[in-house]
Amino acid sequence: MFPLKPGHLPQTTVQNVVFFCRPRLALMELIAENVLKEEAGAGSKKEFHVFFVPRKTLLCERKLKELGVYGTFATIDDYSLEMYPYDSDLLSMEMEDSFKDCTLYEDYTSLYDCAKALMTVQALYGVIPYIHGKGQHAKVHTLPAESSVVRNGH
């Protein structure tokens, strides 16, 4: 496993190259640069795959088409990794830009992702009886989780 960075991919003998990334346009440029440089270099033909965490977006797919590498990928899909377990009682979503996205750009996608993750936890372990939040975005965050409780009759 290697971090995504500009330039050539590290020298390996693998047949498949898999990119896991957040759906960000800047990352599409890095991926395209890596793929183009790998294909231009001499060596064995590699098969490329890209998985967007937690979901793929139309904008990223368009960016890959615009950069001329969309058809190069054998797989373009999403990988719904909602939470990372750090300990037996600690989960993290690792969404470092969520505050900035909500407050500066009014992009509430991270709130949707958080509500979806809460609903997944409820589906696995039962209804969470009390969901508390602080701040102006807390109500937006808990509405989908609470509405799933109402829909399921719990």
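Scope of this entry: the structure provided in the associated data block. (Residues numbered from 1 in each chain as written. Predicted model: local features only at pLDDT ≥ 70, side-chain atom pairs only at ≥ 80, totals over all residues. Heavy atoms only, no water.)

On to the overall build of the chain. Across its full length, the chain holds five helices and five strands. Of the regular secondary structure in the chain, the N- to C-terminal order runs β-α-β-α-β-β-β-α-α-α. Per-residue burial over the chain gives 30% buried out of 154 residues. (Helix = DSSP H or I, 4+ residues; strand = E, 2+ residues; numbered from the N terminus. Buried < 20%, exposed > 50% of the residue type's maximum accessible area, 1.4 Å probe, protein only.)

Another point: the pattern of salt bridges. Under the criterion given, the structure shown has seven salt bridges. The salt bridge partner of Lys 37 is Glu 33, with a shortest N-O separation of 3.4 Å. Of the two residues, Lys 37 and Glu 33 are both situated in helix H1 (residues 25-40); the distance of four residues between them amounts to about one turn of the helix. Across the salt bridge formed by Lys 45 and Glu 39, the nearest N and O atoms sit 3.4 Å from each other. Assessed through its relative accessible area of 59%, Lys 45 is described here as exposed. Several salt bridges converge on common partners, so that one network encompasses Glu 29, Lys 63 and Glu 66. (Salt bridge = Lys/Arg side-chain N within 4 Å of Asp/Glu carboxyl O.)

Next up on the list: the nonpolar core. The nonpolar side chains of soluble globular proteins are, as a tendency, buried together. With 16 residues, the main nonpolar core has Phe 19, Ile 31, Val 50, Phe 52, Leu 64 and Phe 73 as its most contacted residues. Counting residues per element, the ones that place at least two in this core are strand S1 (16-21), H1, strand S2 (47-52), helix H2 (58-66) and strand S3 (73-78). Looking at which element gives the most residues to this core, the answer is H1, with four residues. Those residues in contact with Phe 52 that sit more than four places away from it in its chain are Cys 21, Arg 22, Pro 23, Met 28, Cys 60, Leu 64, Ile 76, Asp 77, Asp 78 and Tyr 79. (Core = buried A, V, L, I, M, F, W, Y, C linked by side-chain atoms within 4.5 Å. Contact = heavy atoms within 4.5 Å.)

Over its 16 residues, H1 extends 23 Å from the first C-alpha to the last, a length consistent with the 22 Å expected when each residue adds 1.5 Å. Within H1 the residues assigned to the buried category are Met 28, Leu 30, Ile 31, Ala 32, Asn 34 and Val 35. Tucked into the core, H1 has its buried residues touching S1, S2, H2 and S3. (Expected span 1.5 Å × (residues − 1).)

Look at the link from Val 53 to Pro 54: it is a cis peptide, with omega at 5 degrees. One non-glycine residue, Glu 94, adopts positive backbone phi at about 50 degrees. In this fold, Glu 94 is placed in the loop between strand S5 (90-92) and helix H3 (98-103). Using a relative accessible area of 34% as the deciding quantity, one classes Glu 94 as partly exposed. Backbone geometry places Glu 106, a non-glycine residue, at a positive phi of 50 degrees. Along the chain, Glu 106 turns up in the loop between H3 and helix H4 (109-125).

As a further point, take the side chain of His 49. By the element assignment, His 49 lies in strand S2. Judged by its relative accessible area of 11%, His 49 is buried. Of note is the side chain of His 49, whose polar atom sits 3.3 Å from the side chain of Glu 47. Here His 49 is in contact with Asn 16, Val 17, Val 18, Phe 19, Phe 73, Ala 74 and Thr 75, once residues within four sequence places are set aside. (Polar contact = N/O pair within 3.5 Å; in protein donor to acceptor, adjacent residues only side chain to side chain.)

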